[in-house]
Amino acid sequence: MIRRPRYALDASGSSRVGGSVARHCLRRATLRWDRRLGYRQPCAGVRCAAGARPRDRRQVRLRRWAGYGRIPGPRFVIPLIGSIVEMVLSPYGFWERQRRLNPCGLSWNALAGFFVLFVTDTDLSRYVLSENGPHAFEMILHPNGWRILGRNNIAFKSGEEHKLLRQSFLRLFTPKALGVYVSIQERLIREHLAAWLSGRGTDGTTAAFEVRPRIRDLNLRTSQTVFVGPYLRDRERFCADYLLITQGFLSFPLALPGTGLWRAIRARERVLRDLTACVRASKERFRKDAEAEPQCLLDFWTVSVLEEVAAAKRENRAPPKYSADHEMADAMLDFLFASQDASTASLVWTTVLVAERPDVLQRVREEQQRLRPHDEPITYELLEQMVYTRAVVLEVLRFRPPPVMVPQVASKRVQLPNGYEVPRGALVVPSLWTACMQGFPSPERFDPERMLPPRQEEQKYRKHFLTFGCGPHMCVGRNYAINHLMCYLAVLATTVDWTRVRTVHSDEIIYLPTIYPADSVIRARWRVADASTGAGTGAGTDTACTSEAVPVVVAS
């Protein structure tokens, strides 16, 4: 005997049996319990059946939030999960299509339980990023962000606790500290370049290779050495766990055993244990020898924290919350997360964009020849004099900002300056890339000259240059990141000739979760030294570092 379903819904949401109960079940299906915020939040895009008219409760609510057509959005979203499948399968394509719905304003979508508001207006983006806290917006980074990084991560803090924690970072980016980091960065860059060019052919040129994974390894090693120095023991396992964390941001938001999100959460737990051990080792070192020289960022922070703890003890008050080992480990995880993917993407873009602009590369080399005629070691003071090299790096960061968006969640109903009311629990996504493409003259052109006097567009259009964000969560490691890119470009330009090998996919962009060129294949060789000046001549300088095909055509 075949039992007939008790609640058989038709396309209008009514039922042939138990209609009132069926409608009650439908209402429950259109709501989800958000345990964090403690309220019922509608699920994304529920429809009673395929082809249903948008008169069901969920669709009406979505349309009402979108202002009955005043805000562009999709005509249809998949029941319950919204557009999450489309986003996971093609992240860059999904967000680019979303941007085109309203290139300078607001558009909406739905993702796995969230009503999503995509912001492409610079002033609105700055407002969202600046109004951070329980009174308005709280950072989420990604629908999987809270679960992967943990709720205690600095990215999700706000208010006085967050302010005090950021103040404790002041000693981490002083000229003295940045000078220590630069020496580490240069040493590791030279070591990795030597490894990249170890397999040269008879003509001294390497076979074509994809540079992205090699730059990722370089940046992993650099960030680990700069941030936690000699205290990290099992670097290979740490790197594997970190890759799992990164992959979790590209995974479907389902934390079941074996899924990408589940593996990312477990990897974060192991990484935090390792970082907690590093914090304890650093504290033990400076408790034994208070005069020891800091070797890494963690050491600089440890010295500062121990001084604050001692002062609190003398004044008979509680030590700062962030002085606990696990709190410091959480902050170190945030440093690693913030620097790894963003810096890797920027290093890759620097490599391919400069390869396609021989005029830019030539000016970088001329500046390096003037400042470092015999390839002298790079210091913080020398970086301060590299005006053109800095301009190139700033233009790379504007032209291809690696963090293209910084998702926030509305803690309460918030009215934006343009009058639109953001519903409580909505995911609000300011587009940093769109801001960087507004205001600047000819923004689709890669033009380092715009960052030099007399134009100085970085200052003139400062409100649009949102690569490092703004507001309470503006990147504290801005100078560190810029110095790393400058150091890499300076060493690469003076010691290596490289050629980009273009393919049919070279002009495409992928999202991993920061943006990269779809391919970044190069060939490389050591530069030939000029006997008269000691500088590299590049053996055919006019073509040595240009693309092997036509110059790249980039679009905004």
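Only a predicted model underlies this, so the values are computations on that prediction, with no experimental measurement involved.

### Topic: the UniProt feature "binding site: heme" (unreviewed entry) in the chain
1) Next: As recorded in UniProt, the sites labelled "binding site: heme" (unreviewed entry) are Cys475.
2) Next: Examined against the element boundaries, Cys475 turns out to sit in the loop between helix H18 (457–460) and helix H19 (478–495).

### Comments concerning the packing of aromatic side chains
1) Next: Considering all chains together, one arrives at 15 aromatic pairs under this definition.
2) Next: Seen in terms of ring centroids, Tyr92 and Trp433 are 6.2 Å apart; in terms of plane orientation they differ by 40 degrees. Their pairing is tilted. Taken together, the residues Tyr92 in helix H4 (residues 91–101) and Trp433 in helix H17 (residues 432–436) connect sequence positions 341 residues apart.
3) Next: Judged by its relative accessible area of 23%, Tyr92 falls in the partly exposed class.
4) Next: Judged by its relative accessible area of 9%, Trp433 is buried.
5) Next: Ring geometry for Tyr181 versus Tyr480: centroids 6.0 Å apart, planes at 80 degrees, classification edge-to-face. In this pair, Tyr181 sits in helix H8 (residues 175–196) while Tyr480 sits in helix H19, placing the two residues 299 residues apart along the sequence.
6) Next: In this structure Tyr181 comes out as buried when scored by relative accessible area, which is 0%.
7) Next: Cluster of aromatic residues (ring-pair linked, three or more members): Phe169, Phe173, Tyr181, Phe227, Phe300, Trp301, Phe335 and Tyr480.
8) Next: One Lys or Arg, Arg151, reaches over the ring of Trp146 and ends 5.0 Å from the middle of that ring.

### A look at the environment of Pro407
1) Next: Relative to the assigned elements, Pro407 resides in the loop between helix H16 (387–399) and strand E7 (408–410).
2) Next: Its relative accessible area of 6% is what places Pro407 among the buried residues.
3) Next: On a C-alpha basis, the gap between Pro407 and Val119 in space is 9.9 Å, while along the polypeptide they are 288 residues apart.
4) Next: Those residues in contact with Pro407 that lie beyond four places of it in its chain are Met139, Ile140, Leu141, His142, Leu427, Val428 and Val429.

### Some words on the pattern of salt bridges
1) Next: Under the criterion given, the structure shown has 43 salt bridges.
2) Next: Among the ionic pairs, Arg237 bridges to Asp234, the shortest N-O distance being 3.6 Å.
3) Next: Its relative accessible area of 33% is what places Arg237 among the partly exposed residues.
4) Next: By relative accessible area, Asp234 is classed as partly exposed at 39%.

### Some words on the sheet that holds strand E11 (residues 496–500)
1) Next: In spatial order, the strands read E6-E14-E11; together these 3 strands make up an open sheet with antiparallel pairing. What marks the edges here is a single partner per strand, and that holds for strand E6 (209–210) and E11.
2) Next: Here 2 bridges tie E6 to strand E14 (residues 521–526), and the two strands are oriented antiparallel to one another. Pairing of Phe209 across the sheet is with Ile522, part of E14.

### Topic: the environment of Pro377
1) Next: Along the chain, Pro377 turns up in the loop between helix H14 (358–371) and helix H15 (380–385).
2) Next: Given the relative accessible area of 59%, Pro377 is considered exposed.
3) Next: Residues Pro377 and Ser183, 194 residues apart in the sequence, show an inter-C-alpha distance of 8.0 Å.
4) Next: Not counting chain neighbours up to four residues away, the residues in contact with Pro377 comprise Glu186, Arg372 and Leu382.

### Observations concerning the side chain of Thr434
1) Next: Take Thr434: it is sitting in helix H17.
2) Next: When sequence neighbours within four positions are dropped, the list of residues in contact with Thr434 reads Arg99, Pro103 and Thr120.

### Quick look at H19
1) Next: Taking 1.5 Å as the rise per residue, H19 with 18 residues should run 26 Å; its terminal C-alpha atoms sit 26 Å apart, in good agreement.
2) Next: Along H19, 15 of the 18 residues are buried, which leaves the element largely enclosed by surrounding structure.

### Quick notes on a nonpolar patch on the surface
1) Next: Taken together, the side chains of Val85, Leu89, Phe252, Leu254 and Leu256 define a hydrophobic patch exposed on the protein surface, amounting to about 460 Å² of accessible area.
2) Next: Topologically, Leu254 is positioned in the loop between helix H10 (235–248) and helix H11 (260–288).

### Some thoughts on the side chain of His473
1) Next: Looking at the element boundaries, His473 is found in the loop between H18 and H19.
2) Next: Given a relative accessible area of 16%, His473 falls into the buried group.
3) Next: Residues contacting His473, with those up to four places away along its chain left out, are Asn132, Met139, Ile154, Ala155, Lys157, His162 and Arg166.

### Some details on the confidence of the model for the chain
1) Next: When the pLDDT values of the chain are averaged, the result is 83; 83% of them are 70 or greater.
2) Next: In the predicted structure, residues 1–56 sits below a pLDDT of 50 and forms 105 contacts with residues beyond four places in sequence or in another chain.
3) Next: Of the regions scoring below 50 in pLDDT, residues 530–556 engages in 65 contacts with residues more than four places distant in sequence or in other chains.

### Description of the pairing of strand E3 (residues 106–111)
1) Next: Summarising burial for E3: 6 of the 6 residues are buried, a large majority.
2) Next: The two faces of E3 match: Leu106, Trp108 and Ala110 on one face and Ser107, Asn109 and Leu111 on the other face are all buried.
3) Next: Pairing of E3 with strand E4 (residues 114–119) involves 6 bridges; the strand directions are antiparallel. Across the sheet, the residue bridging to Leu111 is Phe114, located in E4.
4) Next: Once E3 ends, the chain turns through 2 residues before running back antiparallel as E4, passing Ala112 with a positive phi of about 45 degrees.

### Overview of the nonpolar core
Across soluble globular proteins, nonpolar side chains show a tendency to be buried alongside one another.
1) Next: By size, the foremost hydrophobic cluster in this structure holds 136 residues, and its most contacted members are Tyr181 and Trp301.
2) Next: Not counting chain neighbours up to four residues away, the residues in contact with Tyr181 comprise Leu172, Phe173, Val226, Cys296, Leu297, Phe300 and Tyr480.
3) Next: By size, the runner-up hydrophobic cluster in this structure holds 17 residues, among which are Leu117, Val119, Val414 and Tyr420.

### Looking at the pairing of strand E10 (residues 427–430)
1) Next: Going residue by residue along E10, you find Leu427 and Val429 tucked away on one face and Val428 and Pro430 tucked away on the opposite face as well.
2) Next: Alignment of E4 against E10, held across 4 bridges, turns out to be parallel. Bridge pairing in E10 links Phe118 to Val429.
3) Next: Pairing between E7 and E10: 2 bridges, direction antiparallel.

Cut-offs and rules
- Residues numbered from 1 in each chain as written.
- Predicted model: local features only at pLDDT ≥ 70, side-chain atom pairs only at ≥ 80, totals over all residues.
- Heavy atoms only, no water.
- UniProt positions renumbered as here; feature names shortened; annotations may be inferred.
- Helix = DSSP H or I, 4+ residues; strand = E, 2+ residues; numbered from the N terminus.
- Phe/Tyr/Trp six-rings, centres within 6.5 Å; stacked < 30°, edge-to-face > 60°.
- Buried < 20%, exposed > 50% of the residue type's maximum accessible area, 1.4 Å probe, protein only.
- Lys NZ or Arg CZ within 6 Å of the ring centre and 35° of its normal.
- Contact = heavy atoms within 4.5 Å.
- Salt bridge = Lys/Arg side-chain N within 4 Å of Asp/Glu carboxyl O.
- Pairing = 2+ DSSP bridges.
- Expected span 1.5 Å × (residues − 1).
- Patch = residues over 30% accessible without salt bridge, like charges linked within 9 Å, V, L, I, M, F, W, Y side chains within 5 Å.
- Areas by Shrake-Rupley, 256 points an atom, 1.4 Å probe, with all protein chains shown as cover.
- pLDDT = per-residue confidence, 0-100.
- Core = buried A, V, L, I, M, F, W, Y, C linked by side-chain atoms within 4.5 Å.

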